[in-house]
Number of protein chains: 2
Amino acid sequence: MIQVAIMGYGTIGSGVAEVLEQNREKIAEAVGEEVALKYVLDLRDFPDSPVADKIIHDFKVIEEDPEVSIVVETMGGLNPSYPFVKACLLAGKNVTTSNKALVAAYGTELLEIAREKSVNFMFEASVGGGIPIIRPLYRCLNGEKIEEITGILNGTTNYILTKMDKCGATFESALKEAQDLGYAERNPEADVEGHDTCRKIAILTAMATGHEVNYEDIYTEGITKITDVDFRYAEKMGASVKLFGTSQIDGDKVHAWVAPVMIGKDHPLYMVSDVFNGILVEGNMLGTSMYYGSGAGKLPTASAVVADIIEEAQNLKSNVRLGWDAKRLEIEPMLSSRHRYFVRVAGTLADKEKTVEEAFGEVEKIVLDGTGEFAFVTDEMPEASFMAKKAELEAEVLQFIRARI
Amino acid sequence: MIQVAIMGYGTIGSGVAEVLEQNREKIAEAVGEEVALKYVLDLRDFPDSPVADKIIHDFKVIEEDPEVSIVVETMGGLNPSYPFVKACLLAGKNVTTSNKALVAAYGTELLEIAREKSVNFMFEASVGGGIPIIRPLYRCLNGEKIEEITGILNGTTNYILTKMDKCGATFESALKEAQDLGYAERNPEADVEGHDTCRKIAILTAMATGHEVNYEDIYTEGITKITDVDFRYAEKMGASVKLFGTSQIDGDKVHAWVAPVMIGKDHPLYMVSDVFNGILVEGNMLGTSMYYGSGAGKLPTASAVVADIIEEAQNLKSNVRLGWDAKRLEIEPMLSSRHRYFVRVAGTLADKEKTVEEAFGEVEKIVLDGTGEFAFVTDEMPEASFMAKKAELEAEVLQFIRARI
């Protein structure tokens with residue numbers, strides 16, 4: 001029998017306990033042995049929960065129990081999750097975590113300790129919730145040179161953008177609805193400013209390249225400046241706006257960024273709505289593949305944690321080759337990345353068309369009647385060129401959004 | 001160094017040689033050792049190809065060479081691929097194949113021999129071309145109870161249906177275009193009659209349940225009866241028609257079938273167009289996940305074969321737990337499966353509405369002006385009930401298509 005401890009009995013931790021119980025037989029079959037929950041570490045007691053008799057308050061109990069071979073970290077944050085996870089690995093235990101902040105900040109060190117100790121540090125649930133994406137990268141696409149990963153990686157912002165798209169909501173009202181439904185935090189900054197997506201694309205980039213990525217090197221722009229007017233143009237163009245985390249890998253040259261992007265109906269991520277996530281992976285031989293599913297939620301995320309538990313149970317004392325090394329990847333400056341741009345300017349087409357054409361040449365123009373403004377979509381160019389032309393433009397720029405249409 | 005032999009230097013076999021060469025370093029990194037091509041078995045010579053010096057004509061050379069530990073079968077068909085693959089496994093060699101016919105017909109036996117010999121029989125490329133789907137089922141979702149798998153599994157039929165949808169083409173003209181582009185065979189029966197999809201959903205069902213599936217037990221209906229008129233209705237309804245292979249698993253009760261299905265724009269498989277494939281998997285904890293990519297093509301399919309080669313190279317002498325046992329799964333009769341139905345009847349709504357309502361109650365009705373017919377969509381019901389009501393109907397039924405809208 002393989003014994004598991006869960007650290008943190010919140011939404012995901014309790015979900016993991018539930019999945020282990022619900023799918024007990026299926027999991028035992030996959031592992032070839034029963035997997036049982038021994039401890040649940042939490043500051044609180046849960047006298048009415050199914051794990052009431054397993055609750056402990058002292059981390060040392062887990063660290064010092066040689067029967068516990070797999071530890072689940074679902075506390076979130078960095079402290080005490082970082083020292084606890086590190087101590088577990090040093091004690092020769094396998095660890096799985098759903099905590100993207102932990103993986104983005106300390107992944108390199110924790111992976112290295114796991115290798116040294118011949119155990120495993122896994123984190124399928126840290127990106128894309130229930131969607132298998134970390135494991136496909138090291139199990140299915142490990143013979144591919146990954147050229148691009150682009151994902152809708154945050155369910156909260158995708159819910160907000162979907163509401164703005166489908167119902168004409170403003171950012172503020174869509175955010176409020178997301179908060180009322182429990183999809184967004186009272187302090188929504190980590191989601192709407194793109195920080196959550198940034199950590200996730202940093203993890204995916206490190207997985208794809210095999211090298212450490214400092215998430216602070218990734219240009220990150222959230223969705224707070226996206227308005228209902230942008231979506232009125234998008235509708236007219238048969239397009240939508242999504243928050244992308246993207247990594248474009250060309251040998252040693254890597255562009256990675258987080259930003260809202262206007263995409264057309266034929267883009268494979270166009271159909272990723274509401275709280276769902278979708279991740280496109282381009283391989284040099286495979287071409288495009290996409291992974292789609294529940295990006296969050298108690299049971300989907302717990303299911304991803306359990307997938308790690310199963311692989312760790314199959315490899316209790318051997319390190320499965322995955323992750324990245326300590327060589328820090330250099331991320332190219334955002335100004336050298338190339339995009340098309342959707343741009344809104346004040347004034348009428350009749351007045352301003354000439355100044356737009358002087359700066360950008362012949363571009364696709366869109367007019368929303370009665371708004372006293374119009375928009376256009378540029379050709380693809382380096383961001384530095386766009387910024388220079390935008391500065392030249394003799395018209396007030398109301399908005400610009402990178403575009404893949 | 002790990003030595004590989006390829007049997008069959010056609011499109012996929014030559015693609016495998018190309019991927020092994022192109023991504024040599026990446027593959028060596030994943031395996032921890034170099035993977036080299038030693039032989040290519042084919043009846044023909046390829047004097048101008050990069051593998052000219054590796055061509056052999058005698059299977060015995062592979063079978064009897066102890067240095068060859070992994071054999072790739074990309075000949076297609078059952079003879080001699082079946083005896084060759086069996087002999088390789090019996091000789092203690094790992095095998096990977098892209099040949100769905102072989103896997104559907106002899107998978108149970110070949111998996112069993114691989115287990116006995118502590119080697120591996122893998123077939124990622126047999127379903128969904130380059131899309132990782134077999135490996136996610138046994139590596140990522142092996143703790144889940146799979147409740148449903150629904151896929152667009154055949155690129156040829158999806159190309160034809162997409163042409164009919166987007167360009168108003170008839171079945172015949174779309175088929176001809178697919179043939180001219182090399183997407184469809186001169187004898188297109190295996191694709192357009194659904195036989196290819198049938199074998200693929202049989203393999204996925206066996207993977208999901210762990211039990212053998214006789215593909216002949218799966219109700220199979222192709223797309224030859226789908227017309228441009230059906231697509232005119234579909235357009236009016238914001239829908240499309242796709243060829244689904246579906247498996248619904250409820251404990252021991254399994255419904256599996258292949259048929260064209262009318263789906264709405266909000267169905268996750270709606271966006272799977274042209275020669276792409278998409279596979280939806282419903283797990284009891286995970287909920288919905290989807291896998292999308294190139295369902296065919298030389299390099300994508302070869303990339304999937306290479307993913308098998310890598311996992312086999314990592315497990316040369318140990319059997320990775322996957323596949324199914326010899327217990328034959330009982331497939332429920334199609335008549336007990338439940339669907340909504342899109343039905344076209346001759347006559348006008350004014351004339352026939354009453355007879356339709358007598359048989360089906362109140363249903364959604366659609367009129368195409370000037371056609372002398374109309375259509376309706378029924379509630380969900382068992383197929384047996386639908387057939388009985390259809391027989392009762394005092395109007396000529398021109399068409400019926402199962403619907404998920």
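Residues numbered from 1 in each chain as written. Chains lettered and ligands numbered in written order. Predicted model: local features only at pLDDT ≥ 70, side-chain atom pairs only at ≥ 80, totals over all residues. Heavy atoms only, no water.

Colleague: What should I look at first to understand the overall build of chain A in this one?
Modeller: When helices and strands are counted, chain A shows 14 helices and 19 strands. Its C-alpha atoms give chain A a radius of gyration of 23 Å, within 12% of the compact-globule value 22 Å for 405 residues. The dimensions of chain A, computed from C-alpha atoms along their principal axes, are 75 × 45 × 35 Å. Buried positions account for 61% of the 405 residues belonging to chain A. Considering only contacts in chain A between residues 6 or more positions apart, those separated by 24 or more positions represent 73%. Surface exposure of chain A reaches about 15400 Å², of which carbon and sulfur atoms provide 48%. Within chain A, the 64 negative side-chain charges are centred at a point lying 1 Å from the centre of the 41 positive side-chain charges. (Helix = DSSP H or I, 4+ residues; strand = E, 2+ residues; numbered from the N terminus. Rg over C-alpha atoms; globule rule 2.2 N^0.38 Å. Buried < 20%, exposed > 50% of the residue type's maximum accessible area, 1.4 Å probe, protein only. Contact = heavy atoms within 4.5 Å. Areas by Shrake-Rupley, 256 points an atom, 1.4 Å probe, with all protein chains shown as cover. Lys, Arg positive; Asp, Glu negative; His and termini not counted. Charge placed at Lys NZ, Arg CZ, Asp CG, Glu CD.)

Colleague: Looking at this structure, I do not really get empty space enclosed by the protein. What am I missing?
Modeller: Where empty space is left in the structure can be found by rolling a water-sized probe over the atoms. By the definition in use, this model includes 6 cavities of 30 Å³ or more. In this structure, the largest cavity spans a volume of roughly 50 Å³. Along its surface, the largest cavity is lined by Cys-140, Leu-141 and Leu-286 of chain A together with Glu-124, Gly-130, Pro-132, Ser-303, Ala-304 and Ala-307 of chain B. Along the lines of polarity and charge, the residues of the lining of the largest cavity split into 6 nonpolar, 2 polar and 1 charged. (1 Å grid on protein atoms, 1.4 Å probe; cavity = no way out; pocket = protein on both sides within 12 Å on 5 of 7 lines; lining within 4 Å. Points joined across faces, edges and corners; volume = space filled by probe spheres on them. Nonpolar A, V, L, I, M, F, W, Y, C, P; charged D, E, K, R; others polar.)

Colleague: Is there a simple way to think about the interface of chain A and chain B in this case?
Modeller: Interface size is commonly expressed as the accessible surface area that is lost when the partners come together. Contact with chain A, which involves 41 residues of that partner, is made by 41 residues of chain B. Scanning the region where chain A abuts chain B turns up 2 salt bridges. Salt-bridge contacts for Arg-139 of chain B lead to Glu-311 of chain A; the nearest nitrogen and oxygen are separated by 3.9 Å. Linking chain A with chain B are 16 residue pairs in polar contact (both at pLDDT 80 or more). Listed by contribution, the elements that provide at least two residues to the side of chain A that touches chain B are α1 (11-22), α2 (24-31), α6 (134-139), β13 (287-294) and α12 (298-314) of chain A. Here the residues of the side of chain A that touches chain B are counted per class, giving 20 nonpolar, 13 polar and 8 charged. (Salt bridge = Lys/Arg side-chain N within 4 Å of Asp/Glu carboxyl O. Polar contact = N/O pair within 3.5 Å; in protein donor to acceptor, adjacent residues only side chain to side chain.)

Colleague: Any chance you could explain the packing of aromatic side chains here in plain terms?
Modeller: The geometry of two aromatic rings is summed up by the distance between their centres and the angle between their planes. For the structure shown, the criterion picks out 27 aromatic pairs over all chains. Seen from their ring centres, Tyr-291 of chain A and Tyr-291 of chain B are 6.3 Å apart, and the 85° between their planes marks the pair as edge-to-face. Taken together, the positions of Tyr-291 of chain A in strand β13 and Tyr-291 of chain B in strand β13 (residues 287-294) put the pair across two chains. Since its relative accessible area comes to 0%, Tyr-291 of chain A is described here as buried. Plain terms: the ring middles of Phe-59 of chain B and Phe-84 of chain B are 4.1 Å apart, the flat faces sit at 5° to each other, and that makes the pair stacked. (Phe/Tyr/Trp six-rings, centres within 6.5 Å; stacked < 30°, edge-to-face > 60°.)

Colleague: Can you help me understand the relation of the copies chain A and chain B in this one?
Modeller: The operation relating the two chain copies consists of a rotation about an axis and a shift along that axis. Rotating chain A by 180° and translating it 0.0 Å along the rotation axis places it on chain B, where the RMSD comes to 0.0 Å. The superposition operator between the copies reduces to a two-fold rotation axis. Residues of chain A ranked by C-alpha distance from the rotation axis are headed by Tyr-291 of chain A, positioned 2.5 Å from it. The fraction of interface residues of chain A whose copies in chain B are also interface residues reaches 100%, indicating that both copies meet through the same surface. (Least-squares fit on C-alpha atoms with pLDDT ≥ 70 in both.)

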